[in-house]
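Descriptive analysis of the structure
So you can see what is in the structure, the chains are spelled out below.
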Amino acid sequence: VVRERRATSTEHAKADFIQSFLHAKHKETGAQLSDEQIAQTCNILLLAGYETTASTLACLVYEVAQNPQVESALVKEIHDSFGDASHASPTPPRTMAEVNALPYASGVLNETLRLHSPAAFISRVAKDDTELAGYHIPAGTEVCAPIWALSRLPSIWSDDAERFRPERFVPSQ
């Protein structure tokens, strides 16, 4: 697919990941990505995006099903914003701005991500010597942050850190 797209690529081709990668150049050398690099990157984006989205949605549905008060509040917010699906013509969201204007739904998603992060940890390499929590970190050292543990610290999330509570992320609550 990549070879075919490279052969037929024009400036006016449709804008998508493959097209973006075909036109990408290394900022220092000007080198383009090889067909193999583009194919591998597209596979990573497809597989990583699919799996993390699927597992997040599964955890969200599980948490809503386990917490009837969350389900009721979520359904109410959706009905208040877009109409009741039991009526003849509810108005579904038409734009991402309308979806993003649902504070409780956003809270449900953020609380799901807090308790069920698709990443167990994140790591970064220190660019410079630094001090962190009283420890000297030399430049070039890989530092890992355990997302699962940080997401459950009572010192950050209060004594009910293990509880699914979307209100944590809703500004007015």
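This text gives an overview of the structure that appears in the document.

Reading guide: rules and limits
- Residues numbered from 1 in each chain as written.
- Predicted model: local features only at pLDDT ≥ 70, side-chain atom pairs only at ≥ 80, totals over all residues.
- Heavy atoms only, no water.
- Helix = DSSP H or I, 4+ residues; strand = E, 2+ residues; numbered from the N terminus.
- Polar contact = N/O pair within 3.5 Å; in protein donor to acceptor, adjacent residues only side chain to side chain.
- Expected span 1.5 Å × (residues − 1).
- Buried < 20%, exposed > 50% of the residue type's maximum accessible area, 1.4 Å probe, protein only.
- Contact = heavy atoms within 4.5 Å.
- Phe/Tyr/Trp six-rings, centres within 6.5 Å; stacked < 30°, edge-to-face > 60°.
- Patch = residues over 30% accessible without salt bridge, like charges linked within 9 Å, V, L, I, M, F, W, Y side chains within 5 Å.
- Areas by Shrake-Rupley, 256 points an atom, 1.4 Å probe, with all protein chains shown as cover.
- Salt bridge = Lys/Arg side-chain N within 4 Å of Asp/Glu carboxyl O.

Observations concerning the side chain of Gln19
The topology assignment puts Gln19 in helix 2 (residues 17-23). A polar contact is formed between the side chain of Gln19 and the side chain of His23, at a distance of 2.8 Å.

Structural notes on helix 3 (residues 35-66)
Helix length check: helix 3, at 32 residues, gives a terminal C-alpha distance of 46 Å against a target of 46 Å (1.5 Å per residue), a fit within 8%. All of the buried residues in helix 3 are Ile38, Cys42, Thr56, Leu60, Glu63 and Val64. Lining the buried residues of helix 3 we find helix 1 (2-8), helix 2, helix 4 (68-82) and helix 6 (103-115).

Digging into the packing of aromatic side chains
Per the counting criterion, the structure on display carries 2 aromatic pairs. Ring geometry for Trp157 against Phe169: centres 5.8 Å apart, planes inclined by 45°, an arrangement best described as tilted. On the criterion of sequence distance, the pair formed by Trp157 in helix 8 (residues 154-157) and Phe169 in the segment after helix 8 is long-range, its members being 12 residues apart. Since its relative accessible area comes to 22%, Trp157 is described here as partly exposed. The class of Phe169 is partly exposed, set by a relative accessible area of 28%.

Notes on unusual backbone geometry
For Ala133, which is not glycine, the phi torsion reads 50° and is therefore positive. Looking at the element boundaries, Ala133 is found in the loop between strand 2 (130-132) and strand 3 (135-137). Notably, Ser158 is not glycine yet its phi reads approximately 85°, a positive angle. Mapped onto the elements, Ser158 comes out in the segment after helix 8.

Describing a nonpolar patch on the surface
Together, Leu150, Leu153 and Ile156 give the surface a local cluster of nonpolar side chains, amounting to about 240 Å² of exposed area. With respect to the helices and strands, Leu153 occurs in the loop between helix 7 (147-150) and helix 8. The class of Leu153 is partly exposed, set by a relative accessible area of 32%.

Notes on the environment of Leu132
With respect to the helices and strands, Leu132 occurs in strand 2. Residues Leu132 and Val2, 130 residues apart in the sequence, show an inter-C-alpha distance of 45 Å. Once residues lying within four places of it in the same chain are set aside, the contact partners of Leu132 are Ile137 and Val143.

The values reported here are purely geometric and, on their own, carry no functional implication.
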